[in-house]
Amino acid sequence: MVHLDHVTCILGGTQALNDVSLHVDRGEFVFLTGPSGAGKTTLLRVLYGDLKPKGGSAVVAGVDLMRLRSSGLPELRRKVAVVFQDFKVLPERTVFENISIALEVRGVPSASIDRRVRAVIRALDLEERSYALCRELSGGEQQRVAIARSMVVNPELILADEPTGNLDADLSRHLIDLFKQFNTYGTTIIMATHNREVLSWAPEARQVHLVRGQISLPTAEILSGAECVAARRGA
Amino acid sequence: MSTGKLMARGVADMRRFPLPQLCTLVTVCMVALLAGTGLLILHNVQQEVLKTQAQARFQVYWSASSNMTDVETQWADLKRVPGVAEVSTFTPRAAMAELVRGLANAIPAAPAPAENATAANATADNATIADGTTVPAPSPNDLSWLEGENFLPPTALVSFDIPPGEAPEPWMGRMYARLHNLPGVEKVTYNAAQLSLATGWIALIQQAAWPALIFFALVVALVVGNTLKLMMLARRDEMEILSLVGAKPWFIRAPLFANGVVQGFVGSVLSLVCLKFLQTWLRSLLDVPPLFLKVEFLPAWQSFSLVFATTCVAGLAAFIAARK
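The rules behind these values
Residues numbered from 1 in each chain as written. Chains lettered and ligands numbered in written order. Predicted model: local features only at pLDDT ≥ 70, side-chain atom pairs only at ≥ 80, totals over all residues. Helix = DSSP H or I, 4+ residues; strand = E, 2+ residues; numbered from the N terminus. Buried ≥ 20, exposed ≤ 12 C-beta atoms within 10 Å, placed from the backbone. Core = buried A, V, L, I, M, F, W, Y, C linked by C-beta atoms within 7 Å. Contact = placed C-beta atoms within 7 Å. Expected span 1.5 Å × (residues − 1). Nonpolar A, V, L, I, M, F, W, Y, C, P; charged D, E, K, R; others polar. Pairing = 2+ DSSP bridges.

A. Local environment of the overall build of chain B. Of the regular secondary structure elements, chain B holds ten helices and six strands. Expressed as a percentage of the 324 residues in chain B, the buried residues total 25%.

B. Broad picture of the nonpolar core. By size, the foremost hydrophobic cluster in this structure holds 113 residues, and its most contacted members are Leu 47, Ile 99, Ala 148 and Leu 159 of chain A. Of all the elements, helix 9 (residues 249-286) of chain B adds the most residues to this core, at ten residues. Residues within four places of Leu 47 of chain A in sequence aside, it is in contact with Val 2, Val 60, Val 80, Leu 159 and Ile 190 of chain A. Val 60, Val 71, Trp 75 and Val 158 of chain B belong to the second-largest nonpolar core, a separate cluster that totals eleven residues.

C. Structural context of helix 5 (residues 139-151) of chain A. Residue and element names in this part refer to chain A. The terminal C-alpha atoms of helix 5, which comprises 13 residues, lie 18 Å apart, in line with the 18 Å expected from a rise of 1.5 Å per residue. Within helix 5, eleven of the 13 residues are buried, which leaves the element mostly enclosed by the surrounding structure. For helix 5, every residue scored as buried is listed here: Glu 141, Gln 142, Gln 143, Arg 144, Val 145, Ala 146, Ile 147, Ala 148, Arg 149, Ser 150 and Met 151. Buried residues along helix 5 sit in contact with strand 6 (80-83), helix 3 (95-104), helix 4 (110-123), strand 7 (157-161) and helix 6 (169-184).

D. Geometry of the interface of chain B and chain A. With twelve residues of chain B in contact, the opposing surface of chain A contributes 14 residues. Here the side of chain B that touches chain A takes five residues from helix 8 (residues 236-244) of chain B, the largest share from any one element. Grouping the constituent residues of the side of chain B that touches chain A by class yields seven nonpolar, one polar and four charged.

E. Summary view of the pairing of strand 8 (residues 188-192) of chain A. All names here are of chain A. Burial analysis of strand 8 places five of its five residues in the buried class, which makes it a mostly covered element. The side-chain alternation of strand 8 yields two buried faces, one formed by Thr 188, Ile 190 and Ala 192 and the other by Ile 189 and Met 191. In this sheet, strand 8 lies alongside strand 3 (residues 29-33) in parallel orientation, the contact comprising four bridges. Residue pairing across strands places Val 30 opposite Ile 190, the latter belonging to strand 8. Note that strand 7 and strand 8 share five bridges and pair parallel.

F. Local environment of the pairing of strand 1 (residues 2-11) of chain A. All names here are of chain A. Where strand 1 lies against strand 4 (residues 55-60), five bridges are found, and the strand directions are antiparallel. Bridge assignment links Thr 8 to a residue of strand 4, and that residue is Gly 55. Adjacent in sequence and paired antiparallel, strand 1 and strand 2 (residues 14-24) are bridged by two residues, among which Gly 12 carries a positive phi angle near 60 degrees.

Written as structure tokens, this is what we have:
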């Protein structure tokens, strides 16, 4: 699903990513950890095509990022959904509209949109707020809307950048359970976090540690998820 | 989603950002009004010059002994010449009446004779002619004695609109020859210097018109364009989110383009309404003695051009802003 080899990325004159190699298989759950400024967000931005790597090779969901043009960006983003710490929902639109927009851009027929959105809203326990404006929702509800928007399109890969950063422990736990649930359906998830508690709620997930733009654990750099699990079992 | 639906959504979404939309609309309207006012001034100056000075006027004098029936036939023919704007004719009698009226207005009215004026004084004002007869001196206001001695010829003042594309001086030369060759015509005069001056003014106005039009177009383009770009800042998050969920560029731009087009169209139509009020007010202000300036509204093609140009610029600016 993700194949990064010796990727470097320069951001604002500094080397934000330095010789990063990372391979993530389909259906894996990966935590990107590390202190603030380690390069977690930069790595995620590279993965969803917001930043172009300076060097190395990068392929995400079959899309070669080194050759990606702006015209090819929608194709990548239809395979890769992103959830942010600050939710990035449209405050002046309803919950239903915020979720359905992801399907509308794909040209899904409106009858199908209605059915799929209602299903996701039900799964995320947002039924009562379906037609509320997002600015009227709590932080936890807004984050659930953002997650619903990313999940309704059934993406191959979900990238989450500190999705629990603005939420309390209970809500954070609930959201991690949601991600785990979707992961069991086969969706690959890469989540950046520096919260150790969050890591403990998904012990089966692989952890990739970033420090100063480099992956610090050699196992994560070299081994794919399956190899990593096998290595753990062997240990 | 079809382009039509996207456009409709763009228009419907305008209500989500009422304040930026309103500010943009006011700006578009005011800039278009400014441009429209400039066009209005140019148009009216040109119209005024055309109306008052740019006509070729020929004063045609027939011989005083001409047969009036023949002359009147020629006058009727003259009115049918292509390009004739106006024909004012004067029979000798009418010309005399005009002259008498003109002189009467030119000479100050005599004071009423005082009751105690002496007969000597009155005699002193009388004239004595060769046979010794004394005739009373005519009052300066009484010019009726001229009517019996009418020496004035039949005349006609013929005004022409110079045909478009014709150089004034050669055209006037040809028309002069044509009028001069009419049977019984003794003399023809025309306003060559005035027409030359008017032609100069019109040429100057036309030369100034293009830079002015370009200037107004640039002002509209820059101000409307930048205002719409600023308005798009209010929708930046929406554009970012649409991009994140995989929207193609047209999906993002079409609603914004529609928004810009509506802003440009409504703003420019509102500016025309304001311009109409301005024109009505200016007309009431200037159409009084001694100015008698009838301020006209923009011709239809200029009004249409203003709306069209503003709408295009606004749509284009919104489209470009969305791209960036």
